Amino acid sequence: MSSQHQALLEAMEQQSISIAKAGIVCSLPARTSILAAANPTGGHYNKAKTVSENLKMGSALLSRFDLVFIMLDTPNEEMDDMLSEHVMCLHSGRTTPTSFMSLGNVQEKEKPSTAKSQSLKEKLKVHKGEVVDVIPSQLLRKYISYARKFVQPHITPQAAQVLQEFYLLLRKNYMTQDSTPITTRQLESLIRLTEARARLELRTQATESDAQDVINLMIYSMRDIYTNESGVLDFRRAQMGTGMSEKSQGKKFIAILQQVSEKTNSSLFSVQQIKKIAQDAKIQVKDFGAFIFSLNNEGFLLKKGPKVYQLQTSNF
């Protein structure tokens, strides 16, 4: 871990900063919210790797963040046109069109039945033709300072029940050997975010609606983290470790079979041999039969008989 990462970890873990400069050695309290951005190594984000591997950031530091979002620069004609127009407006002194402030697809404004039926994403979306009165930065800064100083929300029993059920669901579904462990740290993150959601509206009680908005944010963040290179949710990959998605493990396993085939001068393998090679290579999959079936469908393995497969990428 670099010195910059170590200093940030101390502030997030111990809520203090140690200073040793100009003969002054002291430890100062540091309680603040942290919004950080990082670029992936190599200039592009590789979805076959975990977040920690892409950023080369230690798991101890990465696990301290409540939410992690992956922002990919994917070509989109509509969004590219909106972004280029926004940049040109900034440099030419023109006013940025209101419709460019929407991050979703530009759609006609629809009248919702009730505000509670809308998701947080729908509430924040700016519809076509809608007038937006942007809050000045100075006023927004004063508003946040006032909320942090004078508003201390408490979670209602209904909101606590919603958060607890969601946490127990995560523990039940995603507590596998090679996945990111779901601990009480995630539950504490949900509580902090729910209180912050109520504080944003200067309310002293965090309601069930606040808890549901936070759960939507958490699910969106998890989708970014656990989506593999095929665009499929793979919760068996670790967020902070060196775990790979199931498809990446398949590629690694085929490369190992290729090496074994070159040594033995044979491209035929029985199911027992395949299992033994996978165990020696520490390839961990939840359903090995389904793993072999997927390799067969992708054309890496060809079934030649009962419990016998041929490696298609071999020269023998």
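Here the structure is a predicted model, which means the values were calculated and not measured.

Draft legend 1. Representation of the pattern of salt bridges in the model. Following the criterion strictly, the structure yields seven salt bridges and no others. Across the pair Asp66 and Arg192 runs a salt bridge whose closest N-O atoms are separated by 2.6 Å. Of this pair, Asp66 sits in the loop between α3 (59-62) and α4 (77-92) while Arg192 sits in helix α8 (residues 184-200), and the two are 126 residues apart along the sequence. In this structure Arg192 comes out as partly exposed when scored by relative accessible area, which is 40%. A salt bridge links Glu201 to Arg197, with the nearest nitrogen and oxygen atoms 3.1 Å apart. For Glu201, a relative accessible area of 42% puts it in the partly exposed group. On the basis of relative accessibility, which here comes to 16%, the residue Arg197 falls in the buried class.

Draft legend 2. Quick peek at the environment of Ser119. For Ser119, the position within the fold is in the loop between α4 and α5 (120-124). Residue Ser119 is classed as partly exposed on the basis of its relative accessible area of 31%.

Draft legend 3. Up close: the sheet that holds strand β6 (residues 301-305). Spatially, the three strands line up as an open sheet ordered β5-β7-β6, and their pairing is antiparallel. Either end of the sheet is taken by a strand with one partner, and the two such strands are β5 (268-270) and β6. Taken pair by pair, the neighbouring strands of this sheet meet at an average axis angle of 35°, ignoring direction. Sheet topology note: the β6/strand β7 (residues 308-311) ladder contains four bridges and is antiparallel. In the sheet register, Leu302 faces β7, and the bridge partner there is Gln310. In this fold helix α11 (residues 271-280) packs onto β5, β6 and β7, with an angle of close to 85° to the strand it touches most, β5.

Draft legend 4. Expanded view of α11. Taken together, the buried positions of α11 are occupied by Val271, Ile274, Ile277 and Ala278. For α11, the buried positions fall inside an angular range of 125° around the axis, keeping them on one side. In this structure, α11 carries Gln272, Gln279 and Asp280 as exposed residues pointing more than 90 degrees from its buried face. Following α11 by one or two positions, Lys282 has its phi on the positive side, about 60°.

Draft legend 5. Broad picture of the nonpolar core. Phe253, Leu257, Ile274 and Leu301 are the most contacted members of the largest nonpolar core, which has 18 residues in total. Listed by contribution, the elements that provide at least two residues to this core are α10 (246-264), α11, α12 (288-297) and β7. Ignoring anything within four residues of it in the chain, the contact list for Ile274 reads Phe253, Phe269, Phe288, Ile292, Leu301 and Tyr309. Core analysis: the second largest hydrophobic core is formed by 14 residues, Leu163, Tyr167, Leu170 and Ala211 among them.

Draft legend 6. Expanded view of the pairing of strand β1 (residues 16-21). Bridging between β1 and strand β2 (residues 24-29) involves six bridges; their strand directions are antiparallel. From the neighbouring strand, Lys21 faces β2, where its bridge partner is Ile24.

Draft legend 7. Structural context of the packing of aromatic side chains. By the definition in use, this model includes three aromatic pairs. Aromatic pair Phe69 and Tyr220: ring centres 6.1 Å apart, planes at 45°, arrangement tilted. Note that Phe69 is positioned in the loop between α3 and α4 and Tyr220 in helix α9 (residues 208-226), a separation of 151 residues in sequence. Judged by relative accessible area, Phe69 falls into the partly exposed class, the value being 39%. A relative accessible area of 43% means that Tyr220 is categorised as partly exposed. On the numbers, 4.9 Å between centres and 40° between planes, the contact of Tyr146 with Phe150 is tilted. With a gap of four residues between them, Tyr146 and Phe150 both fall in helix α6 (residues 137-150), about one helical turn apart.

Criteria and cut-off values
Residues numbered from 1 in each chain as written. Predicted model: local features only at pLDDT ≥ 70, side-chain atom pairs only at ≥ 80, totals over all residues. Heavy atoms only, no water. Salt bridge = Lys/Arg side-chain N within 4 Å of Asp/Glu carboxyl O. Helix = DSSP H or I, 4+ residues; strand = E, 2+ residues; numbered from the N terminus. Buried < 20%, exposed > 50% of the residue type's maximum accessible area, 1.4 Å probe, protein only. Pairing = 2+ DSSP bridges. Axes fitted to C-alpha atoms, helices over the stretch in contact; angles between N-to-C directions. Contact = heavy atoms within 4.5 Å. Arc of directions from axis to C-beta. Core = buried A, V, L, I, M, F, W, Y, C linked by side-chain atoms within 4.5 Å. Phe/Tyr/Trp six-rings, centres within 6.5 Å; stacked < 30°, edge-to-face > 60°.

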